[in-house]
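# Commentary on secondary and tertiary structure
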Amino acid sequence: MFLIELARGMGTTLRMLFEKPVTIQYPEEKRPVHTRFKGRHSLHRYENGLEKCIGCALCAAACPADAIFVESSENTDEQRFSPGERYASTYEINFLRCIFCGYCEDACPTEAIVLGDNYELTFSDRREAIYGKDRLLVPVPPGGQPTPQQTEPGVFTRSIPVMENPKD
Amino acid sequence: MSKLVTLTIDDKQVTVPEGTVIVDAAKKVGIDIPVFCYHPKMEPVGMCRMCLVDVGRPVIDRATGQPVLEPDGSPKVQFGPKLETACTTLVSEGMVVVGMSEKVKAGRKDVLEFLLTSHPLDCPVCDKGGECPLQNLTMGFGPGESRFLYDEKMHLAKHVPLGDLIFLDRERCIQCGRCVRFQSEVVDDPVIGFYNRGRKLEIRTYSDPGFDSYFSGNTSDICPVGALTTVDFRFGARPWEMRTTASICTHCAVGCNLAFNVRREAKAGGDIVIKRAMPRQNEQVNELWICDKGRFGYHFAESGGASPLERLAQPLVRRGGELQPASWDEALRLAAEGLHQAGRELLALVGGRLSNEDLFNIQALAQGLGGKIGLDTYMAGGDLVSQVGLGQGSNLGDLGQGSAILVVACDLEEEAPIWWLRLKRAVERGASLIVANPRPTKLERYAAHILRYGYGSEAATVAALLDAIDGKQNAANSGIKAAAEAITGLGNLVVVYGSEGLGLQGSQALAQACANLLIATGHFGQPNNGLLAVWPHANDQGAWEMGLRPLPDLPAALQAAKALYVAASDPLGDDPALAEALRALPFVVVQDLFLTETARLANVVLPALPFTERDGSFTSGERRVQRYYPAVLARPDARPDYAISGEICKRAGVEAEISSAAGVFARLAEKVPAYQGLNYRMLAQTAEQWPIVGRPDVYYGGTAYENTQGLGVQVKPGAQDGPPPARGALGAAPALPLQAGERLAVPVTRLYDHGSTIAHTGLLHARTPAPYVALHPGELPASDGAEVQLSLGGQVFTVTLRLDEALPAGVVLVPRSLGLPLRGPQAVELKVK
């Protein structure tokens, strides 16, 4: 009776020896994340380099963990950060507070803030956990200009672009 | 009392006076009928159609005149074929209003769909987003989708400066006309108006400079969308991110209730900062309004940095001829020693910007050391206001039919804008207004009688008016007789006196003449009767209540003193001629927000806290004691004035309370007769006010705040319950002989001046004139705008000349606090450059 059980157990062990291992060699090797994985946020830009974020602070209002802080200022055509009149002069996310729920992304009227697939967040002190615009903004796309830009008057009068409903 | 009418609104019975509109009646029983264009303080116009309701009226049998009854015995109600606007429909007996049926909802939905046809829906960037009636009502009643074509939306200018204080977003405007009606109906500054019609209708300004009104900020509060925004708050913060604290405006004697919206900001290094000042409802003081000086003029309190205009960061003491930073302990010890040494030769000079608590402790110090204390002001008569001031329970909003108001020597719109607005409303309710002034003022548009006198005969004019009332016909001219008839027989009389063309002596004589008039006619010691002084500062009346008096001769007092203690006053900045007297003083302590001209000469400079960073109480011109609360955190190295003087007291061996403002007020209430029995808790009490504003339904009364932190307490004047006051003799008019080539210069007050509390608000600089003098044309061979040289008290100033037909001949008008040191009527020389 005992021997049968032992043999069955050893058999499982033996079978597992020939199966593909589940573990991977992180960080050399990384497992792909799901399409809707919610990792560290980034603030996106339009193709011309203007920031999508208009400083409306709806993300901060939606945030259940009070992790987002926004301060806005007024754009001018000489110093334009985003289309329309308003831009975020300060944008901070405290990643010690963030619970990665993605409500900010849902609230954003311009699809500026998007939770990406970066889950590798480490900090050596609390201050470092607060990401400002410098670390959240994506790089200027090829062909675009960095912000602030000098723009033609009367071109970027709308804060919120015409958008279609999400498809997936 | 008008007839009462009972009606039913959404199954609730309500009884209201005849003539009430349905919206107001519903509000009384807590039913919110949505509105955009209706505002409880303005005449209804029914422009927006948002307030549609189903109205039924009882059917009356024509033959009998009796209501027709249903089989069950209830009156038969006939509903109209269409919805009616609740803001223009008056209530009637037995009316039945249905505000929530499917028919009504469908009507509102359609109205909203129309309003939104061209609305940009840029709520995320709109400053009104979060406290927007259109947003709220669309959520409540609006259609989820529009049937109009998106491409047909009108695209209009989004950044139109109406003036230098208010921006217009043409797209957001829903054409309700609240702003236009406010400017023409409420404040009579019709500087904005409609242009074009239909979908092309837009708001335009018709004044130069644009939107030239002292009340322009209020239009942004009552705008039901984000079409009108103030320059100060543009994109400043979202409404839900801010906290609110109660405060009191410090710019004049009205004592408007303010609400400061504050929040923490990264720009300010993580500090809590004031984002905007909003009106706080007090129907007995400022109703729902504040002037632009109060709204934008709080910036002086938040200045920081190194420039001399900025606030003092730490105590300074003079070492080796230089003012150098010192510890509080050292500065207080030096101040106490110096003041103590002077003893009886100590002179304390205080300004009316200080709270009651500050004044009390400074007075305790001066009296404890045996020294003198003086109030730095150019207006007098506060002792008479204490005696025959407005009776307890007075409310300028109650004046109307059967009331007379006499305004003497006052350009009320410049000196106290909110009182201007309230007196104008009183006239519209039927009050009889008499304006006596040497030159025309805006208030005269509403005056039943205008008395014109020459500068210098203010008191004589009021005395002549009293003579005419007494029936002494001898000297009175016809204007005065007519005015006297208007006053006689009316139930209430309020006398308002200002400081137009007056110095201390003239002001005291005028106040006495006004008091005599009130005493002789018996209009004292009762509600809505009495004397009202238009003080230049928030707490001048409080200083008088405490027994502080202006010094009749400041230079002589300075010469007699061995030590000077100055708080919230800048004698040298006001009058450079005092420099010598001040330099001669062995010891000067200055306690202020800024390094003033006087402070530069001081031995010890102590940094005080502004009203936004501490608590305290002010006594308004109407003798209403009101509390203010700290809005932001106090700067680390500054202290409230009462604490500073309390600490000096302690070190100089004088007993004083320093624990808290409430503690000082408790002492003060024991000592000062006017405040007997008062405490901070009483000042914080509130009562239900009408109209109901500041609740979640921001559409009804705009974004003015509900008063939750105290309406204040109006204290009784001496003559109420006290011995009847006696008439006093008018002081002899000061003789002012003019030498050859000299002219008589008189001071006048302007709202926007160069005072230290406004100099820090850059927003208002465009409206603040450069130093000027005003003359009747033909007095001087020079054109309007020419530069002239004004010799005043041994100094020569180059100023701009303004010519005005309306001015009387023979005088030079010199505005106060524009850098020209004129404390009263004075002989000057004027030369064309």
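Residues numbered from 1 in each chain as written. Chains lettered and ligands numbered in written order. Predicted model: local features only at pLDDT ≥ 70, side-chain atom pairs only at ≥ 80, totals over all residues.

Moving on to the overall build of chain B. The secondary structure content of chain B amounts to 24 helices and 35 strands. Expected size for 833 residues packed as a compact globule is a radius of gyration near 28 Å; at 29 Å, chain B falls within 12% of this value. Taken over the C-alpha atoms alone, chain B extends approximately 95 × 70 × 60 Å along its principal axes. Burial statistics for chain B: of 833 residues in total, 54% are counted as buried. (Helix = DSSP H or I, 4+ residues; strand = E, 2+ residues; numbered from the N terminus. Rg over C-alpha atoms; globule rule 2.2 N^0.38 Å. Buried ≥ 20, exposed ≤ 12 C-beta atoms within 10 Å, placed from the backbone.)

All right, on to the overall build of chain A then. Counting secondary structure elements, chain A contains 4 helices and 5 strands. Reading chain A from its N terminus to its C terminus gives the helix and strand order α-β-α-β-β-α-β-β-α. By principal-axis analysis of the C-alpha atoms, chain A measures approximately 85 × 35 × 30 Å. Looking at chain A residue by residue over its 168 residues, the buried ones come to 25%. Of all intrachain contacts in chain A linking residues separated by at least 6 positions in sequence, the fraction that spans at least 24 positions is 77%. (Contact = placed C-beta atoms within 7 Å.)

All names here are of chain B. Between helix H12 (residues 458–469) and helix H13 (residues 478–487), the least distance of the axes is 9 Å, while the angle of their chain directions is 65 degrees. Along this stretch, H12 crosses H13, giving a crossing that reads as right-handed. Here H12 contributes Ala-464, Leu-465, Ala-468 and Ile-469 to the contact with H13, which in turn contributes Ile-480, Lys-481, Ala-483, Ala-484 and Ile-487. (Axes fitted to C-alpha atoms, helices over the stretch in contact; angles between N-to-C directions. Left-handed = near helix turned anticlockwise from the far one by under 90°.)

A word on the interface of chain B and chain A. Each partner contributes residues to the interface: chain B has 13 residues there, and chain A has 18 residues. Residues belonging to the side of chain B that touches chain A are distributed by class as follows: 5 nonpolar, 1 polar and 7 charged. (Nonpolar A, V, L, I, M, F, W, Y, C, P; charged D, E, K, R; others polar.)

Between two packed helices, what matters for the description is the angle formed by their axes and the separation of those axes. Residues and elements named next belong to chain B. Two numbers describe how helix H8 (residues 356–368) lies on helix H20 (residues 641–651): the axes approach to 8 Å, and their chain directions differ by 20 degrees. On the basis of their axis angle, the class for H8 and H20 is roughly parallel. Classified by chirality, the crossing of H20 by H8 is left-handed. Between H8 and H20, the residues in contact are Glu-357, Asp-358, Asn-361, Ile-362, Ala-364, Leu-365 and Gly-368 and Asp-641, Tyr-642, Ser-645, Gly-646, Ile-648 and Cys-649, respectively. Looking at the contact of H8 with H20 residue by residue, the classes come out as 6 nonpolar, 4 polar and 3 charged. (Parallel < 35°, antiparallel > 145°, perpendicular 65-115°, else oblique.)

Attention now goes to the pairing of strand S27 (residues 616–619) of chain B. Residues and elements named next belong to chain B. What you see with S27 is no split at all: Gly-616 and Phe-618 on one side and Ser-617 and Thr-619 on the other are buried throughout. Note: S27 against strand S28 (residues 624–628), 4 bridges, orientation antiparallel. What sits directly across from Phe-618, in S28, is Gln-626. From the end of S27 to the start of S28, which pair antiparallel, there are 4 residues, and Arg-623 there has a positive phi angle of about 65 degrees. (Pairing = 2+ DSSP bridges.)

Residue and element names in this part refer to chain A. Strand order in the open sheet formed by 3 strands is S2-S3-S5, with antiparallel pairing between adjacent strands. Sheet topology places strand S2 (68–74) and strand S5 (130–131) at the edges, where each strand pairs with a single neighbour. The sheet contact formed by strand S3 (residues 86–94) and S5 spans 2 bridges and is antiparallel. Paired with Ile-93 across the strands is Tyr-131, a residue of S5.

Counting residues in hydrophobic clusters, the biggest one holds 238 residues, and the most contacted among them are Val-350 and Cys-514 of chain B. When residues in this core are grouped by element, the largest group, 10 residues, is from helix H14 (residues 504–521) of chain B. Every residue in contact with Val-350 of chain B, bar those within four places of it in the chain, is listed here: Leu-359, Ile-362, Ile-373, Leu-375, Asp-376, Ala-543, Leu-548, Ala-567, Ala-568 and Ser-569 of chain B. One finds Cys-56, Cys-63, Phe-81 and Tyr-91 of chain A within the second-largest nonpolar core, a separate group that totals 28 residues. (Core = buried A, V, L, I, M, F, W, Y, C linked by C-beta atoms within 7 Å.)

The next point concerns unusual backbone geometry. Glycine aside, residues mostly have negative phi angles, and peptide bonds mostly take the trans form. Residue and element names in this part refer to chain B. In the segment running from Asp-208 into Pro-209, the intervening peptide bond is cis, with an omega of 0 degrees. As for its position among the elements, Pro-209 is in the loop between strand S10 (202–205) and helix H5 (217–222). Note that the residue after Trp-690, namely Pro-691, is joined by a cis bond; omega there is 0 degrees. Note on placement: Pro-691 falls in the loop between helix H22 (680–683) and helix H23 (698–701).

Residue and element names in this part refer to chain B. Ordered by their spatial adjacency, 5 strands build an open sheet running S21-S20-S19-S22-S23, and the pairing between neighbours is parallel. Edge positions in the open sheet fall to strand S21 (449–451) and strand S23 (530–533), since each of these has one partner strand only. In this sheet, neighbouring strand axes are inclined to one another by 15 degrees on average, regardless of whether the strands run parallel or antiparallel. As judged from the 5 bridges shared by strand S19 (residues 403–408) and strand S20 (residues 432–436), these two strands associate in the parallel manner. Of the residues in S20, the one forming a bridge with Ala-404 is Ser-432.

In this section: the domain arrangement of chain B. Residue and element names in this part refer to chain B. Assigned domains of chain B: these are domain 1 (4–100), domain 2 (382–534) and domain 3 (742–832). If you average the C-alpha positions of domain 2 and of domain 3, the two centres end up 27 Å apart. Secondary-structure elements contributing two or more residues to the side of domain 2 that touches domain 3 are helix H10 (412–415) and H14. When grouped by side-chain class, the residues that make up the side of domain 2 that touches domain 3 number 6 nonpolar, 7 polar and 5 charged. (Domains from an automatic or database assignment.)

Pairing of strand S32 (residues 787–792) of chain B with strand S33 (residues 795–803) of chain B involves 6 bridges; the strand directions are antiparallel. Bridge assignment links Gln-789 of chain B to a residue of S33 of chain B, and that residue is Thr-798 of chain B.

So, on to helix H4 (residues 178–186) of chain B. Residues and elements named next belong to chain B. Within H4, burial applies to Arg-178, Cys-179, Arg-181, Phe-182, Gln-183 and Val-186. Structurally, H4 contributes buried residues whose contacts are with strand S9 (192–195), S10, H5, strand S11 (228–230) and helix H11 (417–428). Note on H4: the residue one or two positions beyond its end, Asp-188, has a positive phi of about 55 degrees.

All names here are of chain B. Turning to its location among the elements, Glu-337 is positioned in helix H7 (residues 328–342). For Glu-337, a count of 15 C-beta atoms within 10 Å translates into the label partly exposed. For the pair formed by Glu-337 and Ala-652, sequence separation is 315 residues and the distance between their alpha carbons is 6.7 Å.

Right, let's talk about helix H2 (residues 102–115) of chain B for a bit. Residues and elements named next belong to chain B. Look at H2: 20 Å from first C-alpha to last across 14 residues, which is about the 20 Å you get at 1.5 Å a residue. Among the residues of H2, Val-104, Gly-107, Arg-108, Val-111, Leu-112 and Leu-115 are the ones counted as buried. The buried residues of H2 occupy an angular sector of 135 degrees when projected down its axis, which confines them to one face. Buried residues belonging to H2 abut strand S3 (52–58), strand S6 (96–98) and helix H3 (133–141). (Expected span 1.5 Å × (residues − 1). Arc of directions from axis to C-beta.)

Residues and elements named next belong to chain B. Within the secondary structure, Ala-577 is located in the loop between helix H17 (571–574) and helix H18 (579–584). Of the residues examined, Ala-577 has 14 C-beta atoms within 10 Å and is grouped as partly exposed. Along the chain, Ala-577 and Gly-794 lie 217 residues apart, while their C-alpha atoms are 8.1 Å from each other. Once you skip the residues sitting within four places of it in the chain, Ala-577 turns out to touch Gly-793, Gly-794, Gln-795 and Pro-821.

With respect to the helices, strands and loops of the structure, Val-713 of chain B is situated in strand S29 (residues 713–714). Setting aside residues no more than four positions away along its own chain, Val-713 of chain B makes contact with Arg-624, Val-625, Leu-678, Met-682 and Leu-683 of chain B.

Looking at chain B, pLDDT values average 92 and 98% of them are 70 or higher. Here the predicted complex scores 0.93 on pTM and 0.87 on ipTM. (pLDDT = per-residue confidence, 0-100.)

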